[in-house]
Amino acid sequence: MGMTIAEKIIAAAAGVDYVKPGDIHTVTLDRMMSNDGTTHLTVDMYRNKLKHPHIADTKKMVFIVDHNVPSDCPKTAASQKKMRDFAKENNIDFWEGKGVCHQVMMENYVCPGELIFGADSHTCSYGALGAFGTGVGCTDLLYGMVTGKSWVLVPETVKFNLVGKLPEGVYARDLILTIIGTIGANGCNYQVMEFTGEGAKTLSISERMVLCNMAVEAGAKTGIFEPDEKAIEYLEAHGRKPKALFKSDPDAVYAREYTFDLSKIRPVVAKPDFVDNLVPAEEVRGVKIDEAFLGSCNNGRIEDLRVGASIIKGKKVAEKVRFLVVPASQTVYLQALKEGLIDTFMEAGAIVMNPNCSVCWGSCQGVIGENEVLISTGTRNFKGRAGHPSSKVYLGSAATVTASAIKGEIALANDL
Ligand SMILES: CC(C)[C@H](C(=O)O)[C@@H](O)C(=O)O
Ligand code: SF4
């Protein structure tokens, strides 16, 4: 019987010819990523709990300070110092302030065919390049770091057959929110979301990352695309080569199949406090906002900043609204500078910030207060995600977020 791309990656990592859903395999990890959300805990366990502390292969480890950078309080500074010192002592690749971890990983490490564990739930983003990335807790990360191995219960795969093309003014962000709104926040629990079909081919690597990144918001173990010419082009532009270019077999077995016609997707918004609390954007038009956020590993790339800048050019951010623009990495930031996008945002009154998780994470910059309302391109809108428990987060595309920043209330780009 055939295998899906995800099954082939696991089989290769397990050193076997064939795996099927439900099997448990010991796997050799290609890479492990850990950020300032939990690395201090991993370091503490490594130092205090292990009898024979040891790192299997330091070259496979990447530490990234991105969530609270620059540090926002003495406690954060101390845990980041722990991470920094440990990376230095053990010769681990260390990034600080260079960008949100998943963006840094995509720009510098991820290769098709790899199995990557990250101590962050949105590690599933790496499927945009045909890698199997998944989030683990810091105990599993520690085990992987010490042994170079871990285990995988082979997940079932769900096929998302994408047809057609996204209309003008509608984005991959609207598509993934629509998919999650349709299947529900538990719609693919512990399954792989494989995006395929002619429509999938039309999407750029950045757009594929938007889809895979939010797979975990449907409960999925990962999201994945077959690597094609676009993936190879991206890799070559970043000076890397694939580990393996797997494709799903024609007789691969899927748990379920869905078809989404991209041409039918419209601007949508996820209302508080769940990602699948989805409505057409028109339905929340006019909801007053206090802050708008354009950034995150989901939607802070150059393509997203271009969309925002093209909408706000020559216009102003509404009075009393904070519009935070946070490029997902320094590479994105520098490109935005070159293209004049940063000038455009600043002239409009936006607050342009250093690359980090910002208010997507809600514990560093831009935290919102009691009863405040945020419209965001971040990944989550759970209660209190962006600050005070009474505050509210709406999720929308870069276009909807920017239009809302201009109007001071939720708006569509066409309303301007
Ligand atoms: C801090 C980190 C562990 C967390 C995650 O796992 O996703 C964060 O990035 C988030 O988006 O909530
Ligand atoms: S940008 Fe948001 S979703 Fe992405 S890693 Fe940071 S906190 Fe998590």
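Since the model is a prediction, treat every value here as computed from it, not as a measurement. Residue numbers restart at each chain and count upward from 1, following the sequence in its written direction. As they are written, the chains are lettered A onward and the ligands numbered 1 onward, keeping that order. Totals for whole chains, interfaces and linings use every residue, but because this is a predicted model, local features are given only for residues with pLDDT of at least 70 and side-chain atom pairs only at 80 or more, for both listing and counting. Processing note: side-chain calculations cover all non-hydrogen atoms of the structure and skip hydrogens and water entirely.

A. Quick peek at the overall build of the protein. We count a stretch as a helix when DSSP gives it H or I for four or more residues in a row; a strand needs E for two or more, and each element gets its number in order from the N terminus. Counting secondary structure elements, the protein contains 14 helices and 18 strands. The globule rule used here is 2.2 Å times the number of residues to the 0.38 power, and the radius of gyration it is set against is calculated over C-alpha atoms. Against the compact-globule benchmark of 22 Å for 416 residues, the protein has a radius of gyration of 21 Å, which places it among compact chains. Overall, the protein is about 60 × 50 × 40 Å in size when its C-alpha atoms are taken along their principal axes. Exposed residues in this analysis have more than 50% of their type's maximum accessible area, buried residues have under 20%, and partly exposed residues fall in between, with area computed by a 1.4 Å probe over protein chains only. Across the 416 residues that make up the protein, the buried fraction comes to 60%.

B. Structural detail: the site of ligand 1. Summary of the distance rule: residues count as near a molecule or strand when at least one heavy atom falls within 4 Å of that molecule or strand. As a matter of local geometry, ligand 1 sits amid Gly37, His67, Asp120, Ser121, His122, Trp361, Arg380 and Arg385. His67 is positioned such that a nitrogen or oxygen atom in its side chain is 2.7 Å from an oxygen atom of ligand 1. The start and end points of each domain follow an automatic or database-based domain assignment. Both domains that furnish three or more residues to the shell around ligand 1 are identified here as domain 1 (5-243 + 254-261) and domain 2 (269-415). As used in this structure description, the phrase polar contact means that two N or O atoms lie within 3.5 Å; if the pair is within protein, one of them must be able to donate a hydrogen and the other to accept it, and residues adjacent in sequence are counted only when both atoms belong to side chains.

C. Quick look at the nonpolar core. Within the largest apolar cluster, 43 residues are counted, with the highest numbers of intra-cluster contacts made by Phe160, Leu162, Ile179, Met193, Phe195 and Leu211. Those elements that provide at least two residues to this core are β8 (156-163), α6 (172-183), β9 (191-196), α8 (205-213), β12 (268-270) and β18 (392-395). It is α6 that provides the largest number of residues to this core, a total of seven residues. When residues of this core are sorted by domain, at least three fall in each of domain 1 (5-243 + 254-261) and domain 2 (269-415). Any two residues whose heavy atoms approach within 4.5 Å are treated as being in contact. Contact partners of Ile179, with chain neighbours within four places excluded, come to Phe160, Met193, Phe195 and Phe260. For our purposes a nonpolar core is just a set of buried Ala, Val, Leu, Ile, Met, Phe, Trp, Tyr and Cys residues, chained together by side-chain atoms within 4.5 Å.

D. Representation of the site of ligand 2 within the structure. Residues in close proximity to ligand 2 include His67, Val100, His102, Asp120, His122, Ser296, Cys297, Cys357, Cys360, Trp361, Thr379 and Arg385, which together make up its full environment. Amino acids outside the nonpolar list (Ala, Val, Leu, Ile, Met, Phe, Trp, Tyr, Cys, Pro) and the charged list (Asp, Glu, Lys, Arg) are all regarded as polar, and Gly is one of them. Residues of the shell around ligand 2, tallied by class, amount to five nonpolar, five polar and two charged. Split by domain, the shell around ligand 2 shows at least three residues from each of two domains, domain 1 (5-243 + 254-261) and domain 2 (269-415).

E. The packing of helix α11 (residues 302-312) against helix α12 (residues 330-338), seen in detail. Fitted lines through C-alpha atoms give the axes, limited to the stretch in contact for helices. The angle between two N-to-C directions lies from 0 to 180 degrees. Between α11 and α12, whose axes approach to 9 Å, the crossing angle comes to 35 degrees. Judged by the twist between their axes, the crossing of α11 over α12 is right-handed. Facing Ile302, Leu305 and Arg306 of α11, the residues of α12 in contact are Val332, Gln335 and Ala336. In the contact of α11 with α12, the residues fall into four nonpolar, one polar and one charged. When the near helix sits turned anticlockwise from the far one by under a right angle, the crossing is termed left-handed; a clockwise turn instead gives a right-handed crossing.

F. Up close: the pairing of strand β4 (residues 93-96). Two strands qualify as a pair provided DSSP detects at least 2 bridges between them. Taken together, the four bridges between strand β3 (residues 61-65) and β4 define a ladder with parallel strand orientation. The residue bridging Val65 from the neighbouring strand is Glu96, located in β4. Remark: the β3/helix α3 (residues 74-89)/β4 crossover connection has right-handed handedness. Seen with its strands pointing away from the viewer, a crossover is right-handed if its path from the first strand over the helix to the second goes clockwise.

G. Structural context of the domain arrangement of the protein. The domain architecture assigned to the protein consists of domain 1 (5-243 + 254-261) and domain 2 (269-415). Put simply, the middle of domain 1 and the middle of domain 2, counted by C-alpha atoms, are 24 Å apart. Facing 31 residues of domain 1, the contacting portion of domain 2 comprises 34 residues. For any pair of parts, buried area is found by adding up, for both, the accessible area (1.4 Å probe) each one loses once the two are put together. Roughly 2,700 Å² of surface becomes buried between domain 1 and domain 2 when both sides are summed, with 55% attributable to carbon and sulfur atoms. Salt bridges are counted wherever a side-chain nitrogen of Lys or Arg sits within 4 Å of a carboxyl oxygen of Asp or Glu. Connecting domain 1 to domain 2 are one salt bridge. A salt bridge links Arg380 to Glu217; its shortest N-O distance comes to 2.9 Å. Across the contact surface, domain 1 and domain 2 share 23 residue pairs in polar contact (both at pLDDT 80 or more). Where the side of domain 1 that touches domain 2 is concerned, the elements lending two or more residues are α4 (101-108), α6 and α8. If you tally residues by element for the side of domain 1 that touches domain 2, the top one is α6, at six residues. Residues belonging to the side of domain 1 that touches domain 2 are distributed by class as follows: eleven nonpolar, 13 polar and seven charged.

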